[in-house]
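# Secondary and tertiary structure notes
Here is what each chain is made of, one letter per residue.
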Amino acid sequence: MNDTTGSASFTGLVDLASQLVGGTTLSATDDFFAAKENLLQPGPAIFDKERYTDLGKWMDGWESRRKRVPGHDHCVIRLGLPGIIHGVDIDTSHFLGNHPPYASIEGAAVADNDSTVPEDSWEELLPRSPLAPGSHNLFPVLNTGRWTHLRLHIFPDGGVARLRVYGTVVPDWSSAKKDGIDLASVVNGGAVVAASDMFFGSKENLIMPHVSRDMRDGWETRRRRGPGYDWAIVRLGRPGRVRSIEVDTKHFKGNFPDQCSIDACHAPDQSIDGLSWTQHSWTPLMGKTKLAADKNHRFEKELADVGPVSHVMLNIYPDGGVSRMRVFGSL
C-alpha cells in the first residue's frame, strides 16, 4: 500500500532512522545531485526554486544522476535506534520529473555499530513497490524482526527527499548498565503513551536523547482557559526503581509551567493510554514543585521511594512547555 495523499500515519511510533537519534547513511551507489545525508534530516524537505549549484538544481534530498547503464541505485543506512519496523515513508516531496518510479527496502540485523553488512545478512522488508511523485509514499512492514540496518533501493535512479522508518525501539539490554540509566529515554525503549494536550509541541519530544534545539523541539500545550492541568504519561523502557528525575524547561521562558508533580504506577503487563490511565493505581512520586524558566531541574531528595515503577506521569500546572524529562534509576 502506498498513500499519495499523506493521510495515513504511524501515530506514536519513533523514527528509528532520524539523524536526531543517531541514524546515519553509510554509503550510496551515487549521490551526484544531492547528498545521501539529506535522507535522514529532521523536518520536511524544502524547495528553493531559485537555487542552483554547478551540478544543477539544488534539491533537499538524495538524488542520483540519470543512469545510462543497466542497474539501479541504493543507499545503506544504519538505524539510530535498532528495533521493530512497522512502517516506512519514502517521501518524494518536490521530486516531480525526477523521482524513482519504484523502490524496495531490505533489512539486516548485525552489531548495532557495524558500518559494513555481510551480503547474506539482508532480508526483504518491502518488495519493489511503485512510488508517486511529490508525495508521502507510506508502506506497512510486516516482518517483525529486530533490525539495525536498512538498504533502500530505487529503480532505476532519481531523488528521494526523506526516508522515515517508524517502529518501536528494542534495546540490547545485555550490554546495558544496571544503575543510573535513563529509563524513560527513547534510546532505552521508553515511550510517551498519552498526553492531555500537545497543541504546540509533540509529547514524543519529552524523551528524545539530544538536547532540545528550540521550542519546537519540546512538549507544549495550549493556554488553559479553564480549571485543570496538563499531563503526559511515559512508559519506561523497563521497570525499575527511580533514583532521580530531571524536568527541563530549556527554551521555555514566557510559557513554562508554574509547577509540576509526578505520579508513578507499576503495571508492566498492562497497556496504559489516554483513555485507560484512570483505571490504574497511581502513587505520588513527587508533590507539586515550583519550576523556573529555561532551566533543567533535577529532583532527587524530593522523590518518594515507591518501589518498582513501570510508568510515570508528569503533571504540569496549569499548562505550558517542557523540553525534556529524564527518569534515572536502576533496573
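Residues numbered from 1 in each chain as written. Predicted model: local features only at pLDDT ≥ 70, side-chain atom pairs only at ≥ 80, totals over all residues. Heavy atoms only, no water.

On a plain count of helices and strands, the protein comes out with zero helices and 22 strands. Taking 20 Å as the expected radius of gyration for a compact globule of 331 residues, we find that the protein reaches 22 Å, a close match to that expectation. With the C-alpha coordinates of the protein rotated into their principal frame, the extents come out at 65 × 45 × 30 Å. In the protein, which comprises 331 residues, the proportion classed as buried is 53%. Partitioning the intrachain contacts of the protein with sequence separation of at least 6 by distance along the chain shows that 79% fall at a separation of at least 24. When the accessible surface of the protein is summed, it comes to about 15300 Å², and 50% of that surface belongs to carbon and sulfur atoms. The averaged location of the 41 negative side-chain charges in the protein is 4 Å from the averaged location of its 36 positive side-chain charges. (Helix = DSSP H or I, 4+ residues; strand = E, 2+ residues; numbered from the N terminus. Rg over C-alpha atoms; globule rule 2.2 N^0.38 Å. Buried < 20%, exposed > 50% of the residue type's maximum accessible area, 1.4 Å probe, protein only. Contact = heavy atoms within 4.5 Å. Areas by Shrake-Rupley, 256 points an atom, 1.4 Å probe, with all protein chains shown as cover. Lys, Arg positive; Asp, Glu negative; His and termini not counted. Charge placed at Lys NZ, Arg CZ, Asp CG, Glu CD.)

Bringing the layout of surface pockets into the picture now. Approximately 930 Å³ is the volume attributed to the largest pocket. Taken together, 34 residues line the largest pocket, and the ones lying closest to its centre are Asp15, Gly43, Arg164, Tyr166 and Asn205. Only strand 1 (14–15), strand 6 (73–91), strand 9 (136–140) and strand 12 (162–169) provide two or more residues apiece to the lining of the largest pocket. Of all the elements, strand 12 adds the most residues to the lining of the largest pocket, at three residues. Taken as a whole, the second largest pocket spans an internal volume of roughly 340 Å³. (1 Å grid on protein atoms, 1.4 Å probe; cavity = no way out; pocket = protein on both sides within 12 Å on 5 of 7 lines; lining within 4 Å. Points joined across faces, edges and corners; volume = space filled by probe spheres on them.)

Glancing now at empty space enclosed by the protein. Taken as a whole and assessed by the stated rule, the structure comprises one cavity of 30 Å³ or more. Considering only enclosed or pocket space, the largest cavity measures out at about 50 Å³ in volume. Considering the residues around the largest cavity, the lining is formed by Gly12, Val14, Val186, Gly190, Ala191, Val192, Glu204, Ile207 and Met208. Grouping the amino acids of the lining of the largest cavity by side-chain chemistry returns six nonpolar, two polar and one charged. (Nonpolar A, V, L, I, M, F, W, Y, C, P; charged D, E, K, R; others polar.)

A few words on the packing of aromatic side chains. Summed over all chains, the structure comprises five aromatic pairs. With centroids separated by 4.8 Å and ring planes inclined at 85°, the aromatic side chains of Phe199 and Phe200 adopt a geometry described as edge-to-face. Just above the ring of Phe47 sits the side chain of Lys57; from NZ or CZ to the centre is 4.7 Å. (Phe/Tyr/Trp six-rings, centres within 6.5 Å; stacked < 30°, edge-to-face > 60°. Lys NZ or Arg CZ within 6 Å of the ring centre and 35° of its normal.)

Right, let's talk about the confidence of the model for the protein for a bit. Within the protein, residue pLDDT values average 93, and 97% of them lie at 70 or more. Segment residues 1–8: pLDDT under 50, and 18 contacts once partners within four positions in sequence are set aside and those in other chains are kept. (pLDDT = per-residue confidence, 0-100.)

On to unusual backbone geometry, then. Omega for the peptide link from Phe155 to Pro156 comes to -10°, which places this bond in the cis form. The residue Pro156 is located in the loop between strand 10 (147–155) and strand 11 (159–160) in this model. Each neighbour pair has its own omega, and for Tyr317 with Pro318 the value is -10°, a cis peptide bond. Locating Pro318 in the fold gives a position in the loop between strand 20 (309–317) and strand 21 (321–322).

To continue, consider the nonpolar core. Residues Ile85, Ile90 and Val312 are the most contacted members of the largest nonpolar core, which totals 61 residues. The residues contacting Ile85, other than those within four sequence positions of it, are Leu16, Leu79, Leu125, Val141, Asn143, Trp147, Leu150, Val165, Tyr166 and Gly167. Ranked by size, the runner-up nonpolar core spans nine residues in total, among them Ala194, Cys265, Ala267 and Met313. (Core = buried A, V, L, I, M, F, W, Y, C linked by side-chain atoms within 4.5 Å.)

Only one face of strand 19 (residues 296–299) is covered, namely the face carrying His297 and Phe299; the face carrying Asn296 and Arg298 is uncovered. When strand 16 (residues 230–248) meets strand 19, the two strands line up antiparallel, connected through four bridges. What sits directly across from Ile245, in strand 19, is Phe299. (Pairing = 2+ DSSP bridges.)

With that settled, the discussion passes to the side chain of Ser135. Structurally, the position occupied by Ser135 is in the loop between strand 8 (123–130) and strand 9. Polar side-chain contacts of Ser135 include one of 2.7 Å to the backbone oxygen of Pro133. (Polar contact = N/O pair within 3.5 Å; in protein donor to acceptor, adjacent residues only side chain to side chain.)

Further remarks concern the pattern of salt bridges. Under the criterion given, the structure shown has 16 salt bridges. Of the charged contacts in the structure, one is a salt bridge between Arg164 and Asp15, with a shortest N-O distance of 3.6 Å. Here the residue Arg164 occupies a position in strand 12, and Asp15 occupies one in strand 1, the gap between them amounting to 149 residues. Each member of the pair, Arg164 as well as Asp15, is classed as buried. (Salt bridge = Lys/Arg side-chain N within 4 Å of Asp/Glu carboxyl O.)

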